[in-house]
Amino acid sequence: MDNYISDKVKKNLLDLNYNKYLQYFNTSIILLFTYIIALMVGFITRQINYNNLGQMIMVAVVSIIVISVLLLLMQKFRGHQRMIFNEIRKLRI
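In this text, all values refer to a predicted model and were calculated from it rather than measured experimentally.

A. Region of interest: the nonpolar core. Counting residues in hydrophobic clusters, the biggest one holds ten residues: Leu14, Tyr21, Phe25, Leu32, Leu70, Met74, Phe77, Ile84, Ile88 and Leu91. Of all elements in the fold, only helix 1 (7-44) and helix 2 (53-90) reach the threshold of two or more residues within this core. In terms of residue count, the dominant contributor to this core is helix 2 (five residues). Not counting residues up to four positions away in its chain, the partners in contact with Leu91 are Asp7, Lys10, Lys11 and Leu14.

Below is the structure:
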């Protein structure tokens, strides 16, 4: 009986975890759009010179790294959400 947790408590704990990963996912989306907008502002204000090959290579490398990391994290967070949702469906409430 010490290790027994009711299904309602499990559901509440799973809901908390689901909301945590939902917040992580939303934050990743916000960071992605903020980065894209920052790049656009940099090009519009000509702080990033698209005629300079070295600068464009650096922007491309940093952009690939930032965007790929954010997309991988978003995929990971979405996978956790699906797993938690499936666990909640298995509970008897």
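B. A look at helix 1. The end-to-end C-alpha distance of helix 1 is 55 Å, a good match for the 56 Å that 38 residues give at a rise of 1.5 Å each. Inspection of helix 1 places Leu14, Tyr21, Phe25, Ser28, Leu32, Tyr35, Leu39 and Gly42 among the buried residues, and these make up the whole buried set. Buried residues along helix 1 sit against helix 2. Looking one or two residues beyond helix 1, the residue adopting positive phi is Arg46, at roughly 65°.

C. Focus on the packing of aromatic side chains. Here the structure, examined in full by the defined rule, presents three aromatic pairs. With a centroid separation of 5.3 Å and 45° between ring planes, the pair formed by Tyr24 and Phe77 is classed as tilted. Taken together, the residues span a long stretch of sequence, with Tyr24 in helix 1 and Phe77 in helix 2 at a distance of 53 residues. Taking the relative accessible area as the measure of exposure, Phe77 reaches 11% and is therefore buried. Stacked on the ring of Phe25, the Lys or Arg Arg78 has its end atom at 4.2 Å from the ring centre.

D. A nonpolar patch on the surface, seen in detail. Nonpolar side chains collect at one region of the surface, where Phe33, Ile36, Ile37, Met40, Val41 and Ile44 lie side by side and expose about 590 Å² of accessible area between them. Summarising the element assignment, Phe33 is placed in helix 1.

E. Representation of the environment of Asp15 within the structure. The residue Asp15 is located in helix 1 in this model. Residue Asp15 is classed as partly exposed on the basis of its relative accessible area, which comes to 25%. Spatially, the C-alpha atom of Asp15 lies 37 Å from that of Met40, the residues being 25 residues apart in sequence.

Rules used in this analysis
- Going along each chain's sequence as written, the residues are numbered from 1 onward.
- Where totals are concerned, whole chains, interfaces and linings use all residues; where local detail is concerned, this predicted model gives features only for residues with pLDDT of at least 70, and gives and counts side-chain atom pairs only at 80 or more.
- For the side-chain quantities, the full set of heavy atoms in the structure was used; hydrogens and water were omitted.
- Residue types Ala, Val, Leu, Ile, Met, Phe, Trp, Tyr and Cys, when buried and joined through side-chain atoms within 4.5 Å, form a set referred to as a nonpolar core.
- For each residue, the accessible area found with a 1.4 Å probe, counting protein chains only, is set against the maximum for its type, and the residue is called buried under 20%, exposed over 50%, and partly exposed in between.
- Runs of H or I in DSSP of at least four residues are treated as helices and runs of E of at least two as strands, each being numbered from the N terminus.
- Should any heavy atoms of two residues lie within 4.5 Å, those residues are considered in contact.
- Expected helix span is given by 1.5 Å per residue-to-residue step, counting one fewer step than there are residues.
- Two aromatic rings from Phe, Tyr or Trp, using only the six-membered ring of Trp, form a pair when their centres are within 6.5 Å; if the ring planes differ by under 30 degrees the pair is stacked, by over 60 it is edge-to-face, and anything between is tilted.
- Criterion for a charge above a ring: Arg CZ or Lys NZ at most 6 Å from the ring centre, at most 35 degrees from the ring normal.
- Candidate patch residues must exceed 30% relative accessible area and have no salt bridge, after which like charges are joined if within 9 Å and Val, Leu, Ile, Met, Phe, Trp or Tyr side chains if within 5 Å.
- Residue exposure ignores everything except the shown protein chains as possible cover, and the areas themselves are Shrake-Rupley values with a 1.4 Å probe.
- Salt bridge, as applied in this entry: a Lys or Arg side-chain nitrogen positioned within 4 Å of an Asp or Glu carboxyl oxygen.

Read these as layout, nothing more, since geometry by itself doesn't imply function.
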